[in-house]
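Here is how the chains run, residue by residue.
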Amino acid sequence: MRSWVEVSLGRIRANFRAVKELVGPGVEVMPVVKADAYRHGAVAVSHALESEGAKWLAVSNPEEGVALRRTGSQSRILVMADFLADERELCATHHLTPVIHSLDDLAHVRIPYHLKIDSGMGRLGTRAAADEIAVAVKKAAAPLEGLMTHFASSGNFENPQTDQQIARFQSVIDGLRSAGIQPSYIHSSSTIPIAYRRTEAWGNLVRPGHAIYGYVSPARGGPANSLKVAPALTWKVCVLEVKEVPAGTLIGYGGIHRAVRPMRIAILAAGYADGIPHRLGNRGQVIVQGKLVPIVGAVSMDLTTVDVTGCDEVRVGEPVLLLGSEGSVSIDAQQMARSAGTISYAVLCGIHARVKRVYVD
Ligand SMILES: *Cc1c(COP(=O)(O)O)cnc(C)c1O
């Protein structure tokens, strides 16, 4: 294999248990396995989580839910990112639970559903007042099982937006309760409000994605992270060629790196088509034999060049690490994202499908 990721299912299970322990027995944990489980592979990850006791999983669209059903998932599956008209039927036939985002859509719903409130993020969700929602919910042909919202700025404790969203969401919950409507599930927390213990936002169900894969983004202001998780994914790529080049040699597209001394370079069998951010050209690092070495020149579509002058003999076919740890050094998706000017979520989701997944315990 030229390039592959090793996903530790034991680590995924341990991260899930860490979230469960943090939120305690009164709060259900619904791991988010959308986008092919942030590229860790939704089928294998979902089965590992189900075997660990997950009763709910969350996906983005019906197709992702159907893929899990076809491979035997028995848990409840929440479909979070809305539907097009031609996708509606899939939910009923595959026992998926839809999230409804507008009161108009309530007229079409025939199976238990969750309703999303836009409490201030300005994206999906109804902005209707509680009394209007109550009327529509009572008219609907199926029961309201859950009420949810999503935060725009939970990572910034200096920004009042989250408290405002919590207050707005609570006013809808209270308004519905006065109208005699009490959904079984109330949920609004993704990884950050879980990890930084914004307990007033937990409700009785939480929706961690990033944490399941071993990441908690740093937050601005606020308390320390209470959640101990570790990355489940290691990304490896093989060395295709090793060669010595004289001082002055230009490396790769655009000649953006010039060797200032005689240099030994290794050419790696992955590039931006595999998900290595193009922006890492001349700025990223990889781990060769337990040492951090720099990417030199541009990242190409299928190839990346690194400077291994300081390493012992590097052999053709030897794997090096794009993400992972070896010896005393490590590179995780947050570090790669910082070098590339992006976010860790985009680094993980950017790992291309042609990069094989290998599962380890
Ligand atoms: C993706 C997503 C989550 C999970 O977010 P993380 O930050 O990865 O934990 C939770 N809720 C909704 C609505 C999402 O779209």
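Draft legend 1. Structural view of the domain arrangement of the protein. When its domains are assigned, the protein resolves into domain 1 (9-213) and domain 2 (233-360). Computed from C-alpha coordinates alone, the two centres of domain 1 and domain 2 are separated by 37 Å. On the domain 2 side, the residues contacting the nine residues of domain 1 number 11 residues. When residues of domain 1 are sorted by the area they lose upon contact with domain 2, Arg-39, His-40 and His-210 head the list and together hold 59% of the total. At the junction of domain 1 and domain 2, the tally comes to zero salt bridges. Counting the contacts that link domain 1 with domain 2 gives seven residue pairs in polar contact (both at pLDDT 80 or more). Those elements that provide at least two residues to the side of domain 1 that touches domain 2 are helix H1 (9-23) and helix H2 (34-38). Classifying every residue of the side of domain 1 that touches domain 2 by side-chain character gives four nonpolar, four polar and one charged.

Draft legend 2. Up close: the sheet that holds strand E7 (residues 144-148). Read from one edge to the other, the open sheet built from eight strands follows the order E2-E9-E8-E7-E6-E5-E4-E3, with strand pairing classed as parallel. A strand with exactly one partner marks an edge of an open sheet, and here the two such strands are strand E2 (28-29) and strand E3 (56-59). As paired elements, strand E5 (residues 97-100) and strand E6 (residues 113-116) share two bridges and run parallel to each other. Paired with Ile-100 across the two strands is Leu-115, which belongs to E6.

Draft legend 3. Main features of the pattern of salt bridges. Per the counting criterion, the structure on display carries 13 salt bridges. Across the salt bridge formed by Glu-52 and Arg-17, the nearest N and O atoms sit 3.1 Å from each other. One end of the pair, Glu-52, is in the loop between helix H3 (42-51) and E3; the other, Arg-17, is in helix H1, and 35 residues separate them in sequence. Residue Glu-52 is classed as partly exposed on the basis of its relative accessible area, which comes to 22%. We note a salt bridge from Arg-315 to Glu-318, for which the minimum N-O separation is 3.6 Å. One network of salt bridges, with partners in common, ties together Arg-13, Arg-17, Glu-52 and Asp-361.

Draft legend 4. Region of the structure containing the site of the ligand. Lining the immediate environment of the ligand, one finds Val-32, Lys-34, Tyr-38, Met-80, His-150, Ser-190, Thr-191, Arg-207, Pro-208, Gly-209, His-210 and Tyr-345. Between Arg-207 and the ligand, the recorded distance is 2.9 Å, taken from a side-chain N or O atom to a nitrogen atom. One of the side-chain N or O atoms of Tyr-345 is found 2.6 Å from an oxygen atom in the ligand. Taking 390 Å² as the accessible area of the ligand by itself, protein coverage stands at 90%. For the shell around the ligand, the residue count by class is five nonpolar, five polar and two charged.

Draft legend 5. Expanded view of the pairing of strand E1 (residues 3-8). For E1, the tally of buried residues reaches five of six residues, placing the bulk of the element in the interior. In this structure, E1 lies alongside strand E19 (residues 356-360), joined through five bridges in parallel fashion. By the bridge assignment, Trp-4 is partnered in E19 with Lys-356.

Draft legend 6. Geometry of the packing of helix H7 (residues 130-139) against helix H8 (residues 161-178). Relative orientation of the contacting elements H7 and H8 amounts to 50°, with a least axis distance of 9 Å. By the angle between their axes, H7 is oblique relative to H8. Taken as a pair, H7 and H8 cross one another with a handedness that is right-handed. Across the interface between the two elements, Ala-130, Ile-133 and Ala-134 from H7 touch Ser-171, Val-172, Gly-175 and Leu-176 from H8. Looking at the contact of H7 with H8 residue by residue, the classes come out as five nonpolar, two polar and no charged.

Draft legend 7. Broad picture of the packing of H1 against H3. The interhelical angle for the contact between H1 and H3, taken along N-to-C directions, is 50°, at an axis separation of 9 Å. Taken together, the axis directions place H1 and H3 in an arrangement best described as oblique. With respect to the hand of their crossing, H1 and H3 are arranged in right-handed fashion. Across the interface between the two elements, Leu-9, Ile-12, Arg-13 and Phe-16 of H1 pack against Ala-44, Val-45, Ala-48, Leu-49 and Ser-51 of H3. Taken together, the residues that form the contact of H1 with H3 break down as seven nonpolar, one polar and one charged.

Rules of the game
Sequence order sets the numbering: in each chain, residues are counted from 1 along the sequence as written. This being a predicted model, a pLDDT of at least 70 is required before a residue's local features are given, and a value of 80 or more before pairs of side-chain atoms are given or counted; all residues contribute to the totals for chains, interfaces and linings. As a rule here, side-chain values cover all heavy atoms of the structure and leave hydrogens and water aside. Boundary definitions for the domains trace back to an automatic or database domain assignment. Residues are treated as being in contact if the distance between any of their heavy atoms lies within 4.5 Å. Buried area, as used here, totals the accessible surface that two parts lose on assembly, with accessibility defined by a 1.4 Å probe and the loss added over both. A pairing counts as a salt bridge when a side-chain nitrogen of Lys or Arg comes within 4 Å of a carboxyl oxygen of Asp or Glu. For this analysis, a polar contact is any N or O atom pair within 3.5 Å, provided that within protein one partner can donate a hydrogen and the other can accept it, and provided that sequence-adjacent residues contribute only side-chain to side-chain pairs. Runs of H or I in DSSP of at least four residues are treated as helices and runs of E of at least two as strands, each being numbered from the N terminus. In this count, Pro and Cys sit with the nonpolar residues alongside Ala, Val, Leu, Ile, Met, Phe, Trp and Tyr, while Asp, Glu, Lys and Arg are called charged and the others, Gly among them, polar. Whether two strands pair depends on DSSP finding at least two bridges between them. Relative accessible area decides the class of each residue, using a 1.4 Å probe on protein chains only: under 20% of the type maximum gives buried, over 50% gives exposed, and in between gives partly exposed. Throughout, near means a residue has at least one heavy atom within 4 Å of the molecule or strand. Using a 1.4 Å probe, accessible areas were evaluated by the Shrake-Rupley method; residue-level cover was limited to the displayed protein chains. Axis lines are fitted through C-alpha atoms, for helices just across the contact stretch, and the angle between N-to-C directions can take any value from 0 to 180 degrees. The cut-offs work like this: below 35 degrees is roughly parallel, past 145 is roughly antiparallel, 65 to 115 is roughly perpendicular, and the gaps in between are oblique. Each helix crossing is assigned a hand: it is left-handed if the near helix lies turned anticlockwise from the far helix by less than a right angle, otherwise right-handed if that turn is clockwise.

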